Amino acid sequence: MPAVRSSCSPLPSPGGGAAQVPGQRPPEGSGAEAECRRGLQLPAGPAPRMRAVRPDGAMAAAEAPEVLQQCGCKGIRTCLICEGQRCGDPPWQLSPQKTHHFLYCSDSGWAVGAEDSDFEGWAFPFPGVTLIEDFVTREEEAEMVRLMDRDPWKLSQSGRRKQDYGPRVNFRKQKLKMAGFCGLPSFSREVVQRMGLYPGLEGFQPVEQCNLDYCPERGSAIDPHLDDAWLWGERLVSLNLLSPTVVSMHREAPGSLLLCAAPSAEALGDSVIAPSRSVPCQEVEVAIPVPCRSLLVLAGAARHQWTHAIHRRHIEARRVCATFRELSAEFSPGGAQQDLGRELLQMALSFQGRPV
């Protein structure tokens, strides 16, 4: 059985042809490319206090001592702060580890068995993921984080801090309130316009933006979860800032995944080998490496069938993530709540918001 190259060379698609590269940029020289390369026109403002410039040029806010002593965890969620106060790791923090690890290859759109594992050299298609690298420049990244840090961050679960720009929602009761919501932040206008220039993001109009701040000193993480599908639509779009990370995908459904022998680079022209191995879905974890300043889009199966998480061990430096969500069909034109959806969208795209 041929081995998989560590460079994750493109694998053939299930139909036998070359797999399409997700997240391809607009053609060079086109108007879209020129628009994509324009710098963000972000509003200037006074420099916030306690700033530190990272070696790579990105600006990060220094943690105030009281931030590293406060905790926003509830229930079974924990972080390093409350674990230290409780004198040791609680048993519920030690969640079961997945047995079989696969690595998502953005060049091919396949999940490939990890090196030196039982499934090295085996792979399966992993649709619904688009990764656009270098979506913003270092200068744009630094300015966006600077502007975020001018507003307060709220303590959140599992060592995170957050800023919400969107309606207040009770997902269990399926109710929402617009009180306090006055739009997405002004510095996101250019980012949102740029998204629509890429394949798979045509017509994307976010109605909510959630900024999450991860810090290794707090033991920040986020547990495996599926985003709501009553209010939020098909595409989840996240902009990764300040440091790279890994998004871990899990599937708790019964059944098995069919695996194909992953061909080597020399065999890329051959037809796809028929599935000849399988692995239980619940034992699989797919790691998606997400570089700094890249845009990650989850849709289809990756949005609705696979949960996503970020493990504590994958936060090695401060990380800020801005996640954008669009409306579901129920709140879109022709849906049962299209009028409310229209009102939400008009407010969101005014770009006059402050964190709610």
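Each chain has its residues counted from 1, following the order in which its sequence is written. Totals for whole chains, interfaces and linings use all residues, but because this is a predicted model, local features are given only for residues with pLDDT of at least 70 and pairs of side-chain atoms are given and counted only at 80 or more. With hydrogens and water excluded, all non-hydrogen atoms of the structure serve as input to the side-chain values.

In the annotation of an unreviewed UniProt entry, the entry for the protein chain reads Fe2OG dioxygenase domain-containing protein, and the organism field reads Marmota monax.

Caption draft 1: Geometry of the sheet that holds strand β13 (residues 232–241). Pairing between two strands requires that DSSP report at least two bridges joining them. Helix numbers and strand numbers start at the N terminus; a helix is a DSSP run of H or I with at least 4 residues, a strand a run of E with at least 2. If you walk across this open sheet you meet the seven strands as β6-β18-β13-β20-β11-β8-β7, and the pairing is antiparallel. Of all strands in the sheet, those bounded by a partner on one side alone are β6 (129–132) and β7 (154–155). In this structure, β13 lies alongside strand β20 (residues 319–327), joined through seven bridges in antiparallel fashion. Paired with L236 across the bridge in β20 is R325. The criterion used for residue contact is that any of the two residues' heavy atoms lie within 4.5 Å. To obtain an axis, a line is fitted to C-alpha atoms, over the contacting stretch when the element is a helix, and the angle between two such axes runs from 0 to 180 degrees between their N-to-C directions. Taken strand by strand, helix α3 (residues 138–148) contacts β8 (161–165), β11 (208–214), β13 and β20, and its axis lies near 105° from that of β13.

Caption draft 2: The arrangement of unusual backbone geometry in detail. Backbone geometry at D116 places phi at a positive 60°, although glycine is not the residue there. Mapped onto the secondary structure, D116 falls in the loop between β4 (110–113) and β5 (122–125). Even without being a glycine, Q174 presents a positive backbone phi close to 55°. Within the fold, Q174 resides in the loop between β9 (168–170) and β10 (175–177). Between buried and exposed lies partly exposed: a residue is buried under 20% and exposed over 50% of the maximum accessible area for its type, with that area taken using a 1.4 Å probe on protein chains only. The exposure class of Q174 is partly exposed, given its relative accessible area of 45%.

Caption draft 3: View of the nonpolar core. In this structure, F135, M195 and L239 are the most contacted members of the largest nonpolar core, which totals 39 residues. If near-sequence neighbours (up to four positions away) are discounted, L239 is found in contact with F135, V136, M144, V191, R293, S294, L295, V320, C321 and A322. To define a nonpolar core, start from buried Ala, Val, Leu, Ile, Met, Phe, Trp, Tyr and Cys residues and group those joined through side-chain atoms within 4.5 Å. Core analysis: the next-biggest nonpolar cluster, separate from the first, contains 31 residues, I222, L259, A261 and C281 among them.

Caption draft 4: Looking closely at the packing of aromatic side chains. Working definition: rings of Phe, Tyr and Trp (its six-membered ring) pair if their centres are within 6.5 Å, and the pair is stacked with planes under 30 degrees apart, edge-to-face with planes over 60 apart, and tilted otherwise. Inspection of the entire model under this criterion finds nine aromatic pairs. Both rings, one in F102 and one in F124, keep their centres 5.2 Å apart while their planes meet at 70°; by these two values the pair is edge-to-face. Pair noted here: F102 is in strand β3 (residues 100–105) and F124 is in strand β5, with a separation of 22 residues, a long-range link. For the ring pair F126 and W306, a centre distance of 4.9 Å and an interplane angle of 65° mean the geometry is edge-to-face. Within this pair, whereas F126 is found in the loop between β5 and β6, its partner W306 is found in the loop between α5 (300–304) and β19 (307–310), the two being separated by 180 residues in sequence. Here the aromatic residues F102, Y104, F119, F124, F126 and W306 are joined through ring pairs into a cluster of three or more. Positioned over the ring face of F135 is R194, at 5.8 Å from the centre of the ring. Two thresholds decide whether a charge sits over a ring: the Lys NZ or Arg CZ must be within 6 Å of the ring centre and within 35 degrees of the ring normal. Positioned over the ring face of Y214 is R319, at 4.9 Å from the centre of the ring.

Caption draft 5: Seen up close, the sheet that holds β4. In space, the nine strands of this open sheet follow the order β12-β19-β14-β17-β3-β4-β5-β15-β16, with mixed pairing throughout. Looking along the sheet, the strands with just one partner apiece sit at the ends: β12 (222–225) and β16 (277–280). Neighbour-to-neighbour, the strand axes of the sheet open up by a mean angle of 35°, direction not taken into account. Sheet analysis places β3 next to β4, joined by four bridges and oriented antiparallel. The residue of β4 that forms the bridge with C105 is W110.

Caption draft 6: Highlighting the pattern of salt bridges. One side-chain nitrogen of Lys or Arg within 4 Å of one carboxyl oxygen of Asp or Glu is enough to make a salt bridge. Here the structure, examined in full by the defined rule, presents 16 salt bridges. Each of the salt bridges in this network shares a partner with another, and the network as a whole consists of D149, R161, D213, R218 and R318.

Caption draft 7: Highlighting a positive patch on the surface. A contiguous patch of positive charge on the surface is contributed by R172, K173, K175 and K177. For R172, the location among the structural elements is in the loop between β9 and β10. For R172, a relative accessible area of 71% translates into the label exposed. Patch building starts from residues that exceed 30% relative accessible area and form no salt bridge, then joins like charges within 9 Å and nonpolar side chains (Val, Leu, Ile, Met, Phe, Trp, Tyr) within 5 Å. Surface exposure here means Shrake-Rupley accessible area, sampled with a 1.4 Å probe, where a residue is shielded only by the protein chains that are shown. Within this scheme the basic residues Lys and Arg register as positive and the acidic residues Asp and Glu register as negative, but His and the chain ends are omitted. Taken as the charge location is NZ of Lys, CZ of Arg, CG of Asp or CD of Glu.

Caption draft 8: Looking closely at the layout of surface pockets. In this structure, the largest pocket spans a volume of roughly 1,200 Å³. Grid points spaced at 1 Å over the protein atoms alone were grouped into cavities, where a 1.4 Å probe fits but cannot get out, and pockets, open sets with protein on both sides within 12 Å along at least five of seven lines, with lining residues defined by an atom within 4 Å of a point. Surrounding the largest pocket, 45 residues form its lining, R160, C210, I222, H225 and R325 being those nearest its centre. When residues are grouped by polarity, Ala, Val, Leu, Ile, Met, Phe, Trp, Tyr, Cys and Pro land in nonpolar, Asp, Glu, Lys and Arg in charged, and all others, Gly among them, in polar. By residue class, the composition of the lining of the largest pocket is 21 nonpolar, eleven polar and 13 charged. Grid points are joined across faces, edges and corners, and a volume is the space filled by probe spheres set on the points.

Caption draft 9: Representation of empty space enclosed by the protein in the model. Under the definition given, this model contains two cavities of 30 Å³ or more. Roughly 40 Å³ of volume is contained in the largest cavity. Taken together, twelve residues line the largest cavity, and the ones lying closest to its centre are Q70, C71, G72, G159 and R218. The residue makeup of the lining of the largest cavity, split by class, is six nonpolar, four polar and two charged.

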